[in-house]
Amino acid sequence: MGGFLHLYVGQEAVAVGTISLCDEDDQIIGGYRTHGHALAVGLTMNACMAELFGKATGCSKGKGGSMHFFAPDKNFWGGHGVVAGQTPLGLGLAFALKYKGVKGCCLCFLGDGAVNQGAYHESLNLASLWNLPVIYIVENNRYSMGTSLQRSSVYRKCLAARAEGYDIEWDRFNGEDIYEVRARTWKAIQRARHEPRPSVLEIATYRYYGHSVSDANAKKYRSPEEIERHRKLHDPIQLWQKRLLEEGILTADQAAEMDEGAAAEAAEAVRFAEESPLPQKADLFSDVYYEVDRQTRAGRTGRYFFND
Amino acid sequence: MPVITYRKALNDALAEELARDENVVIIGEEVAQYNGAYKVTEELWKRFGDKRVVDAPISEAGFIGLGIGASMLGLRPVVELMFWSFAFVAYDQIVNNAGCIRYMSGGLVNLPLVIRGPANGGTTHSHTPESSLANHPGVRVVCPATAYDAKGLMKTAIRDNDPVFVMENTLLYGETWEVPEEEYLIPLGVADVKREGRDLSLIAHGRAVMTSLKAAKILAAEHGIKAEVVDLRSIRPLDEEAILQSVRKTHRAVLVDENKPFCAVSAQIAAMIQEKAFDDLDAPVQRVCALDAPAIYSPPLEKQQLPTAERVVEKVLSIA
Ligand SMILES: Cc1ncc(C[n+]2csc(CCOP(=O)(O)OP(=O)(O)O)c2C)c(N)n1
Ligand SMILES: [Mg+2]
């Protein structure tokens, strides 16, 4: 496995809570920390793991890697590596829905560092100006790489409140409680589908691992105690499990069984990825142009690649 | 055959495609109520309404990215840049998103999108980014020189299923050419010999084609040299065969290019000619490019900074 790897561990309730509210007309797009979103839309662990391994069986045929998972058949439009570069794309998905008269919405995920990019602000203005059904979901894990929120952003109240300047409804809530995530996101989805109007949601969350594979300063910009405190007291999966156990919906045995099942599925995905074939050299030149791949008249006319 | 302007030819192409396919939507600054900064979209808003012709605020990254996102769901946005020089504020959207999404999705997503506008005019407005954009596999770059080509290439670009960047020229908008009334399409990647000749090949794209035609006339009248003018029309895909065919016939080539010389389109073509037609050459391949400095304002100098027919003639005489 090479390149970038931005783990989502700790933030699960955000992707699962929000995406579980989507129906067949809703669209989803995000940044590079989107493994959780990919699994939540229904991509298989095999397809995701094989993509991480750069194998031809990966969800993007080994051409995209960790940051670029795609599944348009599940309304999942990536997986984008440039901070906030996906925010105008999410706007475009919402524009297309409205243009076609479809009552869907687009959930567009970004980080707390991404809110300082111009593309995001241009998107907010356009979303409000044109009444587009897009919901910007800011996953506030309090750090952009090694820079804490306090060192990157000024705001009144919270990051989402910047939306007031664009006359957009906003909300801020805790992402450790999946019920809360669903209840509050639902309001924004209704607003998008029926008015349609955009929203900005800021969801407080936390990542346990380093920013990416390399995070040499992992221990410098935050303390091990801080991470430990979150794992112990604020882990969204543990909290939900505890609640389900207390309410008698889940038994301890069932919970253990689910954990084992997930671990086995992951192990199987690793085996699948290891045994899968690599893309071939010829695959370098497929999936560049639609017309060339299909060898349409346009794809057969003129020279497209300039290797020799 | 009716003679119309380059501007009108583009306008007709847009109108015909808007009428033909309801997924075609025009987005850009001043494209609707103002009729377009250069009047290319004149009357389209009146005819097709708010939904199909959309005035955008000055947010190129925002509305170009929006166009890309909308194309993922099957719309065919035609996004206008008031000048291609403004593409730089949207470069991430254009290069990383329009250029790479199909590839990094393993071919699952395609982007039937056109970005169009003039690529010339004023220091910060005069960039000719066809060379830098054609550098990116995944996109197509088209530079029509005549009204006839502008219409046929624009219609093809809109129907194409990959991102196509059409680079126009404000100095060509008012130029006229014969354009048939019947519908026609011009495939991308097919060059056009705009003037036949046997002594030397002038190879150009965009407005430099007009400069080359002027130079060819002077060469014939004053020097008895019959220059062939090859109009590339499309940069990527490139009609390599047409270039080589012409060079194999004339054995001499001068490349005329409004790009700055370093890493220009003509640099690519010069490399290609020496690789593939070295034995056919009777003289080194020469280039006439924009003079290598930022675009100057002072009008008399501005005219000299771009390739002129005189400079082309001079260069030709140095090898012919
Ligand atoms: C335009 C751009 N600048 C810088 C980077 C490098 N980079 C990748 S992620 C990141 C931090 C972003 O933090 P945040 O938006 O909070 O998201 P998180 O990683 O916390 O999920 C940076 C600086 C990039 N990918 N794109
Ligand atoms: Mg963050």
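Residues numbered from 1 in each chain as written. Chains lettered and ligands numbered in written order. Predicted model: local features only at pLDDT ≥ 70, side-chain atom pairs only at ≥ 80, totals over all residues. Heavy atoms only, no water.

Undergrad: Honestly, the overall build of chain A in this entry has me stumped. Any pointers?
TA: When you go through chain A residue by residue, the secondary structure sums to 12 helices and 7 strands. Expressed along its principal axes, the backbone C-alpha trace of chain A runs to roughly 60 × 50 × 40 Å. Contacts in chain A between residues far apart in sequence, at least 24 positions, make up 70% of those at least 6 positions apart. Looking at chain A, you have 35 positive and 39 negative side-chain charges, and the mean spots of the two groups are 6 Å apart. (Helix = DSSP H or I, 4+ residues; strand = E, 2+ residues; numbered from the N terminus. Contact = heavy atoms within 4.5 Å. Lys, Arg positive; Asp, Glu negative; His and termini not counted. Charge placed at Lys NZ, Arg CZ, Asp CG, Glu CD.)

Undergrad: Mind showing me how you'd approach the coordination of the magnesium ion (ligand 2) here?
TA: Under perfect tetrahedral coordination by four donors, a metal shows angles of 109.5 degrees; under perfect octahedral coordination by six donors, it shows angles of 90 or 180 degrees. All names here are of chain A. In the first shell of the magnesium ion (ligand 2), the protein supplies Asp112 (OD), Asn141 (OD1) and Tyr143 (O), at 2.1 Å from the metal. Sequence spacing of the donors to the magnesium ion (ligand 2): D-x28-N-x1-Y. One end of the pair, Asp112, is in the loop between strand E2 (106-111) and helix H5 (118-129); the other, Tyr143, is in strand E4 (residues 143-144), with 31 residues separating them in the sequence. Side by side, Asp112 and Tyr143 carry an identical accessibility label, which is buried. (Donors = N, O, S within 2.8 Å, 3.2 Å for Na, K, Ca; no water. Buried < 20%, exposed > 50% of the residue type's maximum accessible area, 1.4 Å probe, protein only.)

Undergrad: Explain the layout of surface pockets here, please?
TA: Rolled over the atoms, a probe as big as a water molecule pinpoints where empty space is left. When its volume is computed, the largest pocket comes out at roughly 1400 Å³. For the largest pocket, the lining is made up of 34 residues, of which Glu12, Leu39, Met45, Ile237 and Ala262 of chain A are closest to its centre. Listing elements by their share of the lining of the largest pocket, those giving two or more residues are helix H1 (12-19), helix H2 (35-41), helix H3 (45-52), helix H9 (236-246) and helix H10 (252-275) of chain A. With 7 residues, the single largest contributor to the lining of the largest pocket is H10 of chain A. The volume enclosed by the second largest pocket comes to roughly 820 Å³. The wall of the second largest pocket is formed by 36 residues, among which Leu171, Arg207, Glu258, Leu306 and Pro307 of chain B lie closest to the centre. If you tally residues by element for the lining of the second largest pocket, the top one is helix H7 (residues 207-223) of chain B, at 6 residues. Partitioning the lining of the second largest pocket into residue classes produces 14 nonpolar, 12 polar and 10 charged. Each of domain 1 (3-178) and domain 2 (192-319) of chain B accounts for three or more of the residues forming the lining of the second largest pocket. (1 Å grid on protein atoms, 1.4 Å probe; cavity = no way out; pocket = protein on both sides within 12 Å on 5 of 7 lines; lining within 4 Å. Points joined across faces, edges and corners; volume = space filled by probe spheres on them. Nonpolar A, V, L, I, M, F, W, Y, C, P; charged D, E, K, R; others polar. Domains from an automatic or database assignment.)

Undergrad: Even after reading the chapter, I still don't get the confidence of the model for chain B, so can you show me in this structure?
TA: Atom-level detail of predicted coordinates should not be read off regions where pLDDT is low. Per-residue confidence for chain B gives a mean pLDDT of 96; residues scoring 70 or more make up 99%. Reported confidence for the predicted complex is 0.96 by ipTM and 0.96 by pTM. (pLDDT = per-residue confidence, 0-100.)

Undergrad: Just checking my understanding: could you explain the sheet that holds strand E5 (residues 114-118) of chain B for this structure?
TA: Remark on secondary structure: sheet strands pair via backbone hydrogen bonds, oriented parallel or antiparallel. All names here are of chain B. Read across the sheet, 7 strands follow the order E3-E2-E4-E5-E7-E6-E12 without closing on themselves; strand pairing throughout is mixed. For this open sheet the edge positions go to strand E3 (53-55) and strand E12 (234-236), each flanked by a neighbour on one side alone. With direction set aside, neighbouring strand axes in the sheet form an average angle of 20 degrees. Relative to E3, strand E2 (residues 24-28) is paired through 3 bridges, and the arrangement is parallel. Along E3, the bridge assignment pairs Gly28 with Asp55. Sitting on the sheet, helix H3 (residues 60-72) touches E2, strand E4 (76-80) and E5, and the angle it makes with E4 is about 165 degrees. (Pairing = 2+ DSSP bridges. Axes fitted to C-alpha atoms, helices over the stretch in contact; angles between N-to-C directions.)

Undergrad: Which parts of the structure should I look at to understand the interface of chain B and chain A?
TA: Interfaces are frequently sized by the accessible area removed from exposure as the parts join. Taken residue by residue, the interface counts 59 residues in chain B and 50 residues in chain A. Summing the contributions of chain B and of chain A, the shared interface buries around 4300 Å²; its carbon and sulfur component is 65%. Sorting the residues of chain B by area buried against chain A places Leu73, Tyr103 and Met104 of chain B first, and these three jointly supply 18% of that buried surface. Taken together, the connections running from chain B to chain A amount to 2 salt bridges. A salt bridge links Arg303 of chain A to Glu240 of chain B; the nearest nitrogen and oxygen atoms lie 2.3 Å apart. (Buried area = accessible area lost by both parts, 1.4 Å probe. Salt bridge = Lys/Arg side-chain N within 4 Å of Asp/Glu carboxyl O.)

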